[in-house]
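Spelled out from the first residue to the last, the chains are:
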Amino acid sequence: GGGGGMVPAQAGAVERAAALRELCVQALGLQLFDLMYSVVRSRLGQSEDQYFRQELLVRLGPHRMQYVTLVDQLVYYEDQAGLAPSSNMR
């Protein structure tokens, strides 16, 4: 990890989280996004193992693996902004 400084304004993190969410939902569909989001959330703070990536690869397909990084960023920005984890809307 590592990286630069914190985002000074929470508003910036809120906007980024919203933009990332919209992008991912449009690309993946809500059902797949929810699946990926919950998996990434549940793995938060744990090291990525080979099994984890393999399972995602099987579920998502290789062309969607790039979105794992985006969902990871989404979770990060939500935490930065102090947003509650997303819940499924029914």
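Above: the structure in question.
Cut-offs used in this document
Residues numbered from 1 in each chain as written. Predicted model: local features only at pLDDT ≥ 70, side-chain atom pairs only at ≥ 80, totals over all residues. Heavy atoms only, no water. Buried < 20%, exposed > 50% of the residue type's maximum accessible area, 1.4 Å probe, protein only. Helix = DSSP H or I, 4+ residues; strand = E, 2+ residues; numbered from the N terminus. Arc of directions from axis to C-beta. Contact = heavy atoms within 4.5 Å. Expected span 1.5 Å × (residues − 1). Axes fitted to C-alpha atoms, helices over the stretch in contact; angles between N-to-C directions. Parallel < 35°, antiparallel > 145°, perpendicular 65-115°, else oblique. Left-handed = near helix turned anticlockwise from the far one by under 90°. Nonpolar A, V, L, I, M, F, W, Y, C, P; charged D, E, K, R; others polar. Salt bridge = Lys/Arg side-chain N within 4 Å of Asp/Glu carboxyl O.

J.: So what's going on with helix α3 (residues 50–60)? Residues and values would help.
T.: Of the residues making up α3, those classed as buried are Phe 52, Leu 56 and Leu 60. Axial view of α3: buried residues confined to an arc of 45°, hence all on one face. Turned more than 90 degrees from where α3 packs its buried face, Gln 50, Tyr 51 and Val 58 sit exposed. Turning to α3, the residues buried within the fold contact α2 (30–42) and α4 (66–81). Phi for Gly 61, located one or two positions after α3, is positive at around 85°.

J.: Can you tell me about α2, naming the residues and giving the values?
T.: With 13 residues, α2 should reach 18 Å at 1.5 Å per residue; the first-to-last C-alpha distance of 18 Å fits that figure. Looking only at α2, the buried set comprises Leu 32, Phe 33, Met 36, Tyr 37, Val 39, Val 40 and Arg 41. Elements in contact with the buried residues of α2: α1 (10–28), α3 and α4.

J.: So what's going on with the packing of α1 against α2? Residues and values would help.
T.: Viewed as axis vectors pointing N to C, α1 and α2 meet at an angle of 125°, and their least axial separation amounts to 7 Å. Of the possible angle classes, the one that applies to α1 and α2 is oblique. Considering the relative orientation of α1 and α2, their crossing is right-handed. Where α1 abuts α2, its residues Arg 21, Cys 24, Val 25 and Leu 28 lie against Leu 30, Leu 32, Phe 33, Met 36 and Tyr 37. Broken down by class, the residue content of the contact of α1 with α2 amounts to eight nonpolar, no polar and one charged.

J.: Give a description of the pattern of salt bridges that names residues and reports values.
T.: The full count for this structure, using the stated rule, is four salt bridges. Of the charged contacts, one joins Arg 41 and Glu 78 as a salt bridge, the two residues approaching to 3.4 Å between their closest N and O atoms. One end of the pair, Arg 41, is in helix α2; the other, Glu 78, is in helix α4, and 37 residues separate them in sequence. For Arg 41, a relative accessible area of 18% corresponds to the buried category.

None of the figures reported here should be taken as evidence of function without further support.
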